[in-house]
Amino acid sequence: MFLLSTMTYLPLLGALLIMLLPKKSDNLIRWVALLTTLVVFGLSIYTILGFNQDSKGYQYEEYYKDWIPSIGSGYHMGVDGVSVLMVLLNGFLFVLAIIASWKPIQTRVREYYVSMLLLYVGLMGVFCALDFFLFYIFWELVLIPMALLIGIWGGPRRVYAAVKFFLYTLVGSLLMLLAIIALYFQYYDLTKTNTLDIPTITKIAPQFSETFQFWAFLAFALAFAIKVPLWPFHTWLPDAHTEAPTAGSVILAGNMLKMGCYGFIRFNLPLFPDASKTLAPLMIGLAVIAIIYGALVAIVQPDMKRLVAYTSVSHMGFVILGLFSFAYGLRGKASGQTTDVLLRDNSAAFDGAVFTMFSHGLLTGGLFLCVGVIYDRLHTRDIKTIQDTTRVANRMPAYAAIYMLYTMGSLGLPMISGFVGEFLAMQGAFRVNGWIAFGTSFAIILAAIYMLWLYQRVIWGKPADYELATGHDDHGHGHGHATPAAQVTPAPTQASSKKADLKWLYQSIVLEPEDNDSSAAASHGTPAESHTDSHDNDHGHGHGGDKDLKENGAKFPDLNLGEWLTLYPMGIAAVVLGVFPGLVLNFLHKPAEQITAIFVNHADLAATLLQQVGK
Amino acid sequence: MALEQLVFLVFALLAIVTSLGLVIFKDPVHCALSLVFAFANIAGVYILLGAEFIAAIQVLVYSGAILVLFLFVMMLLQVRPGPSLNRLRFFQSGFGPVLGVAFLVEVVLVVLTSGFVLNGGNITKPNNTQAAKMQAGVEYSVSVNVIQAAGPLTIQGKADGIQPNTVGHTAALGKELYSTYLFPFEVASIILLIAAIGAIVIARRSLVSDEEEDHPKRRGISLGSVPAQGSLQAFEVERQTSQSQRRKEAKKRTVILKK
Amino acid sequence: MSFLNGILSQVQPTKLSFTGDDFMYILPEFIVLVTACLLVIVDLILPKKSRGGLAWLALLGYVGALAAAGYLYYADATISHTTFSGMFVRDNFTLFNEIIFLITGILGILISPTYSLKRKIPLGELYSIQAFSVLGMMIVGGSGDLMAVFVGIELSSIAVYILTGFARNDRGSAEGALKYFLLGIMATAILVYGMAWTFGMTGSTNLREIGRQIASQHSTSSNMDSGITFAMLLLLVGFGFKIAAVPFHVWTPDAYEGAPTPISAFMSVGPKAAGFAALIRVMVEGMPTLSNQWTIIIAVLAVLTMTLGNVVAIAQNSVKRMLAYSSIAHTGYIMVGVAAYVNSNGVDTNVARQNDSISSVLIYSLIYVFMNIGAFGILIYLQNQQGGAEVDDFNGLARWSPIAALAMALCLFSLAGIPPTGGFFGKFFVFRAAINSNLLWLTIIGALNSAVSAFFYLRVVVAMYFNPQSEESKSKLVPTRSFFLTAALVIICVAILVLGLYPDPALKLAQDGATPLFQVVKAAAGQP
């Protein structure tokens, strides 16, 4: 009965246990953390298996009314189709995050895992809480450990990034708090009872006045848009992602960004149906800008992690696009259409949005892990430096393979989960306006550009020793005819030719002719050692014999056990979801139906009111 | 009535001017003297209000006891800078008589115009006995305490002053003080107690810290190590300590004044 | 003799202003008074070595007073009893304020010893003057008369002036004490002037009577006498000084920075809460009819106070000074709660609003006691260990003293209003009251301000957790242990978390505490 609370507070217990452990027992601490997350993951699987997809409303509810009766706040936990998915995602990603930080985190281990587990508490709570007060506590609880994770174990500009992250999110949350209080009093005015219970307030939501809905929607939306992050509130994200430790980035991208989307689904749509309809064009507009802008900016990023961070902006744009296409579609024709018809017509957008949330957690989390793998070996994320150091594909084939999977998933290749969400979201957008779908479809092309180009530069970096010294020029024309090298490894040719193509494409888009050497020299933030290496290698490639292997072979061991354990399960999950999207989509019918019902009821209400006025 | 207001104006203005003098004069003796003068004027205002007991206390305790004590201390400690008196001699000789005359005029006015005083002009009349005044005073004092007055309020006073038949009286005041106003009265005595404790602590502790100078490794916000004897820093420290001591004393003085 | 008898027969037989029963109602105050006097005496008798025991005596006194207050509450939870001819009121508002002040006293005692011993501050006098100050505050909280308000405020203020100047060989202490004293007596003068005007306008110093008078004048003539407005303004200015509201705050930073740190902690909390108690007593009981005027003034002052406090705090490098400005900012938040007061005029929904407003002030004050003394407590800990009070001195605290860093972080997050701490609940409740009274603009400013405040609180957290400890501070490190300080910090951390996660009992008590005021207001307006 206390399943959700158990899942939420187990990590807290784990954190307390870790605090009590002796200081030097780093490995023990790691095992305790792993065990905690594994247990919670197991529980989350149990939860989702026992979840009844066909029942409306919340399940696994826990409700104690007299938590703070003076303000009408009770302890209310529960999950519906959307949040149960998020709970599962939480459980899954945290296990991986703990494994992923096994080796890289060697300083202040105890504090690290305590922060991580506290973060877990907050994230679990956010998705389970069904009381505004409780929700807000968890919502803010997430901030502190995340800021610590970024600020202590992050990159060189970590403190700046941590503070920026903290303050940015706090401002939004505070306005949301005010909106929550305002909502509370609106409810009081209507019913003369005090409550902060989310389902109870949602029931009465259609009766809120339109101006109130408008402002409250904006206040909520600001908080969530910062968290999502939606353009133009996204600027904290690249910094936070870039500076965070790998596992922190995974959690940030995989779970924390979902908090914003979840907020839109749980609060903005059902609480403010009128405002959602009227403001849907605005939100769609912002989402489209975010999609295109994120993609364009991602192309020019010199830092791997920053690039992936911007792809997040782009992908999360799809979520918002889907959600508000859904809301826009539900405008219907006043009371004419029934819930079923509306749902049939519009549910694709909603499904797409939530599916994107889920798959983005897997794919982008995976991409961040991949970045982490390289970073652990080379201690830089600068694409140019990596490209000039070695050819990763030769050194780490297993890594190259799984990285390929994530790349393809992220750019929306069918059969991998990324495709389903984006497709459904765009389908929803098409119902709003064909041009929107048309515009956003360019984002897919852009995604192909930045992802593949990134892949090519990182994985197919400096040509291997056995490649002929003919250089790239030949390959530029060399479509179709195989070089001797291509017989040994066909991939390099392909990649090189792709590189030339992409370079041209890139120049034509960005209108900024770029020279390999100059940009290598100008690339900043690289360790001096690898910098000089890259220069030497630039001139010397093709002549060195086994030089590269000698220099870099030891530096680039292929995936170790921990990395296998993190990268492959996630990739498999992404593929499974890509092939069987129904696994996730089945959970979404009832939530979508409920939201639709609220919209329709509201429209009915308005219509009857109109009729009465007319009479 | 006009004369009464005139008298009040004279008292009030003189009180303000002499209070300003207290702040402006450089010589502490002058300050103390002008404070005496201010107190005397305020006592005059009290009399105008019919509170002759408070007026008497004002003169006896503040002007008479505390300030004389101040003057003694100042003169004994020779706080005043020496030559200022000489420079001001002309001013003194010119201004002193003027003030003296003004004060005399005040006193005479009070005596002569007592018929205008708020008590109904009955101070000099034969039926103005102690008992009659007391009754009036009691009515006044008791009726102030509106909580206890069961009937309609006896004071309609807004800004236009106090009832004409009200006269303060010592016995009634004492009775009120120890019954109705017992609580604030006792708290006030506690205030005096802590003021005394505070003064003692601050005064005593300077001795303690002088005795225990032998702590080279003292830490604190602004407590550095003790500078070498005879160095510039030592001189500076000494100067500052004496300054702050002087400030303390000034503070203590004002604390006592508040009593 | 016959003459005297004649006089006595003419004098109405005035009964004693209290009976033995009435005396029960000031039992907590009396216990504190006895404790304070005992402390002075015992300090003289005890040999120097065993003076550490004085802290136990003081604690015993405070706890005894708390127990007495609790006993009175449980004996009759709806008590509202005036005694000493209306000077002292024993009701739940008094009770809640007593709790605040006594807790302040207890924590103030606990954080003092180590610091004071290091700086040669005489402990016996420190404890006793502090106890007198607490007594003054308790009198303010229970005052039913302007005179009691005045003597209570004076008692607590004069005690704090003395405490501020306690670190005598510190120039800053002397300077702070002097500034505080001079501005304080000026404020007192203004306050007394305002009281005199009030008396002149209404003919009474009793708060309920004042309320009744103003209400009847209000009902008879539509345009209010401007004299009473003037009196109200003077009173507001006077109280503004006591609670350190902008623009009457100028003494605050110097006094807080100069005073010995335990005293700063004490005076940033106690006198402020007492000022609010007096403000509420006088304004809500005495001048509810004028609430339209004073709420708007307080709202404007609240905006100034919050904004200035927070903005200036950003620029501070000394944590002590930063906390001084942050305490100004918190005054602003509490004022938001006061500004949310709406006079009921017999409308029942407004009674709920009134209650929200006053109980939010009470609960915020209580929470503020814990979090602010907690932050100062860690500062004291740090000063005990290595002497400094700058932000840089916090560098690497999480490394060499993780528990202290955690406690500090908790207090700072609470001050910033981030859940799950008590500070969040306090802010939530204050903003809730304000939104309910249609002061959305004020709450938006408040929310933005608390975002700004997060910035400078975060600076300390960043220093503690992200920055390495400097060699210099390592060399200065002198490990000091203090049982009392640890106990205080444990109490504070537990209290902050409990108030954040399960605030209901405290909230109930605060709501009970706010109720008697409105019964008075109702009675003044002639309603049953």
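These figures come from a predicted structure and were not determined experimentally.

Reading the values: rules and limits
Residues numbered from 1 in each chain as written. Chains lettered and ligands numbered in written order. Predicted model: local features only at pLDDT ≥ 70, side-chain atom pairs only at ≥ 80, totals over all residues. Helix = DSSP H or I, 4+ residues; strand = E, 2+ residues; numbered from the N terminus. Rg over C-alpha atoms; globule rule 2.2 N^0.38 Å. Buried ≥ 20, exposed ≤ 12 C-beta atoms within 10 Å, placed from the backbone. Contact = placed C-beta atoms within 7 Å. pLDDT = per-residue confidence, 0-100. Axes fitted to C-alpha atoms, helices over the stretch in contact; angles between N-to-C directions. Parallel < 35°, antiparallel > 145°, perpendicular 65-115°, else oblique. Nonpolar A, V, L, I, M, F, W, Y, C, P; charged D, E, K, R; others polar. Pairing = 2+ DSSP bridges.

## Observations concerning the overall build of chain C
Of regular secondary structure, chain C possesses 23 helices and two strands. By the compact-globule yardstick of 24 Å for 528 residues, chain C fits well, its C-alpha radius of gyration being 23 Å. When its C-alpha atoms are laid out on the principal axes, chain C stretches across 80 × 60 × 40 Å. Out of the 528 residues in chain C, the part that is buried amounts to 66%. Within chain C, contacts between residues separated by at least 24 positions form 81% of all contacts whose residues are at least 6 apart in sequence.

## Let's talk about the overall build of chain A
Scanning chain A from N- to C-terminus turns up 28 helices and two strands. Counting only residues that meet the buried cut, chain A has 59% of its 615 residues in that class. In chain A, the proportion of contacts linking residues at least 24 apart, taken out of those at least 6 apart, comes to 81%.

## Comments concerning the confidence of the model for chain C
Residue and element names in this part refer to chain C. The predicted model of chain C averages 85 in pLDDT, with 92% of residues at 70 or higher. Below pLDDT 50 for its whole length, residues 1–14 participates in nine contacts with residues either more than four positions away or in separate chains. The complex model carries a pTM of 0.79, and its ipTM stands at 0.86.

## Points about the environment of A407 of chain C
Residue and element names in this part refer to chain C. Turning to its location among the elements, A407 is positioned in helix α18 (residues 402–416). Separated by 83 residues in the primary sequence, A407 and V490 have C-alpha atoms spaced 8.4 Å apart. Dropping the residues within four chain positions of it, A407 is found in contact with G374, I378, L489 and C493.

## Observations regarding helix α10 (residues 236–243) of chain A
Of all the eight residues making up α10 of chain A, seven are buried; the element is thus mostly covered by neighbouring parts of the structure. Three or more residues of α10 of chain A are buried, namely L237, P238, D239, A240, H241, T242 and E243 of chain A.

## Brief notes about the packing of helix α3 (residues 81–100) of chain A against helix α4 (residues 109–128) of chain A
Residue and element names in this part refer to chain A. The geometry of α3 relative to α4 is characterised by a closest axis approach of 9 Å and an angle of 170° between their N-to-C directions. Taken together, α3 and α4 sit at an angle that is classed as roughly antiparallel. Where α3 approaches α4, its residues S83, M86, V87, N90, F94, A97 and I98 are matched on the opposing element by M116, Y120, L123, M124, F127 and C128. Along the lines of polarity and charge, the residues of the contact of α3 with α4 split into eleven nonpolar, two polar and no charged.

## Section: the pairing of strand β1 (residues 59–68) of chain A
Residues in a regular strand point their side chains to alternate faces of the sheet. Residue and element names in this part refer to chain A. Bridge count between β1 and strand β2 (residues 73–79): five bridges; the pairing is antiparallel. Bridge assignment links Y64 to a residue of β2, and that residue is Y75. Hairpin connection between β1 and β2: a loop of four residues separates the two successive antiparallel strands, and G72 in this loop has a positive phi of roughly 75°.

## Quick word on the environment of V361 of chain C
By secondary structure assignment, the location of V361 of chain C is in helix α16 (residues 348–386). Leaving out residues up to four positions away in the same chain, V361 of chain C has contacts with F276, I280, I334, G337 and V338 of chain C.

## Observations regarding the interface of chain A and chain C
Contact residues are listed per partner, giving 24 residues for chain A and 25 residues for chain C. Mapped by element, the contributors of at least two residues to the side of chain A that touches chain C are α5 (132–141), α6 (143–153) and α7 (158–191) of chain A. Considering each element in turn, the side of chain A that touches chain C owes the most residues, 13 residues, to α7 of chain A.

## Some thoughts on unusual backbone geometry
Keep in mind that most residues, glycine aside, have a negative phi and that most peptide bonds are trans. For the bond running from V228 of chain A to P229 of chain A, omega is -10°, close enough to zero to count as cis. Along the chain, P419 of chain C connects to P420 of chain C via a cis peptide bond; the corresponding omega equals 5°. Structurally, P420 of chain C can be placed in the loop between α18 and α19 (422–436). We note that R108 of chain A has phi near 45°; this positive angle belongs to a residue other than glycine. Classification of R108 of chain A as partly exposed rests on a count of 17 C-beta atoms within 10 Å. Positive phi, normally seen in glycine, also occurs at M415 of chain A, with a value near 80°. If you trace the backbone, M415 of chain A turns up in the loop between α17 (397–411) and α18 (417–432).

## Focus: the packing of α18 of chain C against helix α20 (residues 440–466) of chain C
Two quantities define a packed helix pair, namely the angle between the axes and the distance from one axis to the other. All names here are of chain C. Running from amino to carboxyl end, α18 crosses α20 at an angle of 170°, the nearest separation of the two axes being 9 Å. Classified by the angle their axes make, α18 and α20 are roughly antiparallel. Residues A405, M408, A409, L412, L415 and A416 of α18 lie in contact with α20, whose contacting residues are S450, S453, A454, Y457, V460, V461, M464 and Y465.

## Regarding the confidence of the model for chain A
Residue-level pLDDT values for chain A average 78, and 81% of them are 70 or greater. Residue range residues 504–545 of chain A is modelled with pLDDT below 50. Its contacts to residues more than four positions away, or to other chains, number 46 contacts.

## Remarks on the pairing of strand β2 (residues 88–91) of chain C
All names here are of chain C. Side-chain alternation along β2 places F88 and R90 on one buried face and V89 and D91 on a second face that is also buried. Pairing analysis gives four bridges linking strand β1 (residues 80–83) to β2, with the strands arranged antiparallel. When the sheet's bridge partners are listed, S80 is paired in β2 with D91. Hairpin connection of β1 to β2: four residues between the antiparallel strands, including F84 at a positive phi of 50°.

## Some details on the environment of F266 of chain C
Residue and element names in this part refer to chain C. Secondary-structure assignment places F266 in helix α13 (residues 261–286). You can call F266 buried: it has 31 C-beta atoms within 10 Å. Separated by 93 residues in sequence, F266 and S173 have C-alpha atoms that sit 15 Å apart. Apart from the residues lying within four places of it in its own chain, the contact partners of F266 are T104, G108 and Q130.

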